[in-house]
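One letter stands for each residue in the lines below.
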Amino acid sequence: YLSRSHRSASASSAEVVICPPATLISALSEVFAGSVAKTGGQDCHPKESGAHTGDISAEMIKNAGGRYVIVGHSERRSDHAESDKLVRAKAEAGHRAGLVSIICLGESLKDRKQGKTLSVIGRQLKKSLPAMATAKNTILAYEPIWAIGTGLTATSEQAEEMHANIRKSVAEAISDDVATALPILYGGSCNEKNASELFACENVDGGLIGGASLKADFINCVNAAP
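Bear in mind the structure is a predicted one, so any value in this text is a computation, not a measurement.

Asks: When you look at the pairing of strand E3 (residues 37-41) in this model, what are you seeing that I'm missing?
Replies: Of all five residues that make up E3, four are buried, and the element is covered over most of its length. Relative to E3, strand E2 (residues 15-18) is paired through three bridges, and the arrangement is parallel. Residue pairing in the sheet places Val17 in a bridge with Lys38 of E3. Where the polypeptide runs from E2 across helix H1 (residues 25-32) and back to E3, its parallel neighbour, the crossover connection is right-handed. In this structure, E3 lies alongside strand E4 (residues 68-71), joined through two bridges in parallel fashion. Across the sheet, Gly40 pairs through a bridge with Tyr68, a residue of E4.

Structure (structure tokens):
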């Protein structure tokens, strides 16, 4: 993902984080040592240790050099039936390990067509966001499921509307100060062609970028951060 400090006018504030498969976190962290880029995990187990064969704890990600962890990605929610409660536990695990937890929120095409977008996102946010979340330990990512890998992208107006609503909900749940500073990323076929327009939105602080991050043109997304 990439983001800027909310409402910052300086391009130098842009952050770049690569979340590779877990087997590559350590090696990539060594490559990035001394650079502005950082690494993170694509998921974590809520427990620090125990008999959880095949799972990776937040502490293991931290030990491998990671500084971030993505939780609640739409593919985890759908393919692994992850609940909001579990997503919150994973976000808290990230905080416990000293990682920044990137919490994903998103609605399906069916939800949007039925006019349930705000209620779905509101429920996910309320139940997935830890009470102790701050702008230093948490990032939110709005990823409309209908736009992931489909070539479809929310318009800048749709993205701004959702991000503004999410920020308002954070203010109600925690505080105005946290809501103002908390980065909110857009994820959903964000690429070098639309990044500038999306990032120009007041409440869009960066992108959670999937397919486009595998191409050299990803650098154009980085340069699009104001």
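Asks: Where do I start with H1 in this structure?
Replies: Note on helix geometry: an α-helix contains 3.6 residues per turn, so any two residues three or four positions apart are oriented the same way. Every buried residue belonging to H1 is among Ile25, Ser29 and Phe32, and all of these are buried. Along the long axis of H1, the arc covered by the buried residues comes to 65 degrees, so they all point the same way. Among the exposed residues of H1, those oriented more than 90 degrees off its buried face are Glu30 and Val31. Buried residues along H1 sit against E2, E3 and helix H2 (58-63).

Asks: What should I look at first to understand the pattern of salt bridges in this one?
Replies: Close approach of charged atoms lets side chains of opposite charge pair. In the structure shown here, the tally under the stated rule is 10 salt bridges. When the shortest N-O distance is used, the salt bridge between Arg76 and Asp43 registers 3.3 Å. With Arg76 in helix H3 (residues 74-79) and Asp43 in the loop between E3 and H2, this residue pair connects regions lying 33 residues apart in the sequence. A cluster of three or more residues bridged by salt bridges with shared partners is formed by Asp43, Arg76, Glu82 and Lys90.

So, how was this worked out
Residues numbered from 1 in each chain as written. Predicted model: local features only at pLDDT ≥ 70, side-chain atom pairs only at ≥ 80, totals over all residues. Heavy atoms only, no water. Buried < 20%, exposed > 50% of the residue type's maximum accessible area, 1.4 Å probe, protein only. Helix = DSSP H or I, 4+ residues; strand = E, 2+ residues; numbered from the N terminus. Pairing = 2+ DSSP bridges. Right-handed = clockwise from strand over helix to strand, strands pointing away. Arc of directions from axis to C-beta. Contact = heavy atoms within 4.5 Å. Salt bridge = Lys/Arg side-chain N within 4 Å of Asp/Glu carboxyl O.

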